[in-house]
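Each chain is listed here by its residues.
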Amino acid sequence: MEGPLSTWPWEKLGCFKYLLYGPFVAKVTYSRFQEDSINATWCLHVLILCSLRGLIYQLWSSFSNMLFLTRNRRIIKQGVDFKQIDNEWDWDNFILLQAIMASLAYYTFPNIINIPIWNLNGFIMIIILHIVFSEPLYYYFHKFFHGSYLFTNYHLLHHSSAVPQPFTAGHATFLEQILLGGVIGIPLLGCYVMGYGSIAMIYSYVLIFDFLRCLGHCNFEIIPHQLFLALPFMKYLIYTPTYHSLHHTEMGTNYCLFMPLFDVIGNTLNPKSWDMHTKISIQSGTNSQVPNFVFLAHVVDITSALHVPYVLRSFSSIPFTTKPYIIPLLPLSFLAMIIMWIYSKPFLNTFYYLNNYLHQTWVIPRFGFQYFLPFAKNGINDQIEQAILRANKLGVKVISLAALNKNEGLNGGGILFINKYPNLKVRVVHGNTLTAGVILNQITKHDVNEVFLSGATSKLGRAIALYLCTKQVRVLMLTSSSERFQKILKEAPYEYQKYLVHVTKYQAAKTCKTWIVGKWITPREQKFAPVGAHFHQFVVPPILPYRNDCTYGDLAAMRLPPHVKGLGSCEYTMERGVVHACHAGGVVHSLEGWTHHEVGAIDVQRIDLVWEAALKHGLMPVSSFKKTD
């Protein structure tokens, strides 16, 4: 049974809860037609303050998720998983609640709107009231909520987040946030009653309060230990992220709001607090845990560039689709593209743990279209080379190249780097052996007798054609180059060569219901497929699903084992927990401990071996059949 006031009144409204801001907006809008707009001014301040508060939490969340800046300062090494993100989805409930509480305060003290914009004495007084009232009140409330009944029915929700995040600060029950609103409100109302109130004071106090709440929950140490060495008394006046993280990992200590002084007075100070803070601060300049495996990705386009945790954490936790709310952010994405083009280097984006091994995704700061610019080729290869050498220096076991990073025309599927650095310890992998395995598994399990293959002479196209012909599947290989076709034909065993057929037009596949798309095809070209055809694909970006009488497959992918930890971001359009097959291929390579590079042409003889290894380690194929709307 839930405790009283433990759930939010608008819990079932979902995103429609934001309609509760409607009366504020209506009041401000209506005031434009009235001479007396005092009430509307108050409503406008509430709306502005709510917006600024949300922005502070979002900016802190973005900062804490910029792993390329914070990775060596992280306190709890575990990643934020999908469960925590979902639990904290409505983290901003308290902002709406306190907007309503502010309205009640206004109607209780209607003259509050007459306070001046600035009053210096008010800033001094609110600091005094905060120390005298807010800090001890919060300390005792917080300690009280760690009692058996209150913790189980109320405060446990806040501590259910394994990794403190700025949004975790707002993740609490209705009752707790009411009390927190009171803790914030007492100094504000106290200053007003004593005649020291001001608009600037209200804004400053509330926003600084939120800033410090985010600081304590950011999970990376930003306050240098030198501050406390130079000014020892400061460690009793301001807490640190390390200090508050200890409260989350070793409950029963460090209850204070912002001032550890009250933990000292209450004898609840964790003795590790200062030493741990000093240790993390000193070690911030050194590399943290070395990943066992790195997936080297790249940006696809301007919109998908926003699908990263440090932009909108919730957006990156779901498969990418273009959403209306990201449109205002597109100019920022375009600016970021320009900056990265001028000056940038590969950076860490996400990570997770599998079998206690750290796996990371690094990103080459280049967008998809740049890979097709002749003058950008050398610069992109330099970026990839820089990432490989960095991984080699760190001691990474395997680095897997994503999509365009292993383009044959760019670097020969990775051969360029192996030839240039023959003594690399890190294994460079294109992962396409497993990509081929995923596509072939989808085809062979459906007893297909004939397939149409575009991109037939590509690395994947060649491997798929050679594999299928040995299974006595007729392969219509679309290519304008007779020379390339003949080269692949000679690789096939003589008795199976008859199953490889050279075609030059899409019309040749008008009766074939299994299309394997390795080269982008237009809606017009899709028209040649018969009704009921299915489009498998390994082309980036994926083709547009034009036909509603056909089915379309996603890019080849596999689901990571269920025991993966700290995974909280979707890989492009993939479902939660699903990664591109080339990513999974690198994972298998590292888990198996294979010591060879996987670059250049695909070894067709290894496709079944890699596929079986993937299944052995718990990676599962993902059904790719779907219809258009």
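A quick note: this is a predicted structure, and the numbers were derived from the prediction, not measured.

Trainee: For this particular structure, what's the right way to read the side chain of Glu-385?
Mentor: If you trace the backbone, Glu-385 turns up in helix 16 (residues 377-394). Non-local contacts of Glu-385, meaning those with residues more than four positions away in its chain, are made with Phe-417, Lys-420 and Tyr-421.

Trainee: Sorry if this is basic, but what is going on with the nonpolar core here?
Mentor: Nonpolar side chains in soluble globular proteins generally cluster together in the buried interior. Counting residues in hydrophobic clusters, the biggest one holds 60 residues, and the most contacted among them are Leu-434, Leu-468, Leu-500 and Ile-516. At 8 residues, the largest contribution of residues to this core is made by helix 20 (residues 459-470). Residue contacts for Leu-434: discarding those within four places in its chain leaves Met-558, Ala-581, Ala-584, Gly-585, Val-588, Val-610, Trp-611 and Ala-614.

Trainee: Can you help me understand the sheet that holds strand 5 (residues 427-429) in this one?
Mentor: Note: strands within a sheet are paired through backbone hydrogen bonds, in either parallel or antiparallel orientation. Strand order in the open sheet made by the 5 strands is 2-3-1-4-5, with mixed pairing throughout. Edge strands, defined here as strands with exactly one partner in the open sheet, are strand 2 (347-354) and strand 5. Each strand of the sheet is rotated relative to its neighbour by a mean of 20°, with strand direction disregarded. Sitting on the sheet, helix 16 is in contact with strand 1 (293-298), strand 3 (357-364), strand 4 (398-401) and strand 5, with an inclination near 160° to strand 3. Where helix 23 (residues 581-592) meets the sheet, its contacts fall on strand 1, strand 2, strand 3, strand 4 and strand 5, and the angle it forms with strand 4 comes to roughly 165°.

Trainee: Help me understand the UniProt feature "domain: Fatty acid hydroxylase" (unreviewed entry) in the chain, please; the structure alone is not making it clear to me.
Mentor: The feature "domain: Fatty acid hydroxylase" (unreviewed entry), as annotated in UniProt, sits at residues 128-268 in this numbering. Between the first and last C-alpha atoms of residues 128-268 the distance is 23 Å; the span itself is 62% helix and 0% strand.

Trainee: What exactly am I supposed to notice about the pattern of salt bridges here?
Mentor: What the rule picks out here adds up to 13 salt bridges. Here Asp-92 ties to Lys-17 by a salt bridge, and the two come within 2.9 Å at their closest N and O atoms. Here Asp-92, found in the loop between helix 4 (82-87) and helix 5 (93-108), pairs with Lys-17, found in the segment before helix 1 (22-31); they are 75 residues apart in sequence, far enough to count as distant. The exposure class of Asp-92 is buried, given its relative accessible area of 13%. Given a relative accessible area of 2%, Lys-17 falls into the buried group. Within this structure, Lys-17, Asp-90 and Asp-92 form a network of salt bridges that share partners.

What counts, and at which threshold
- Residues numbered from 1 in each chain as written.
- Predicted model: local features only at pLDDT ≥ 70, side-chain atom pairs only at ≥ 80, totals over all residues.
- Heavy atoms only, no water.
- Helix = DSSP H or I, 4+ residues; strand = E, 2+ residues; numbered from the N terminus.
- Contact = heavy atoms within 4.5 Å.
- Core = buried A, V, L, I, M, F, W, Y, C linked by side-chain atoms within 4.5 Å.
- Buried < 20%, exposed > 50% of the residue type's maximum accessible area, 1.4 Å probe, protein only.
- Pairing = 2+ DSSP bridges.
- Axes fitted to C-alpha atoms, helices over the stretch in contact; angles between N-to-C directions.
- UniProt positions renumbered as here; feature names shortened; annotations may be inferred.
- Salt bridge = Lys/Arg side-chain N within 4 Å of Asp/Glu carboxyl O.

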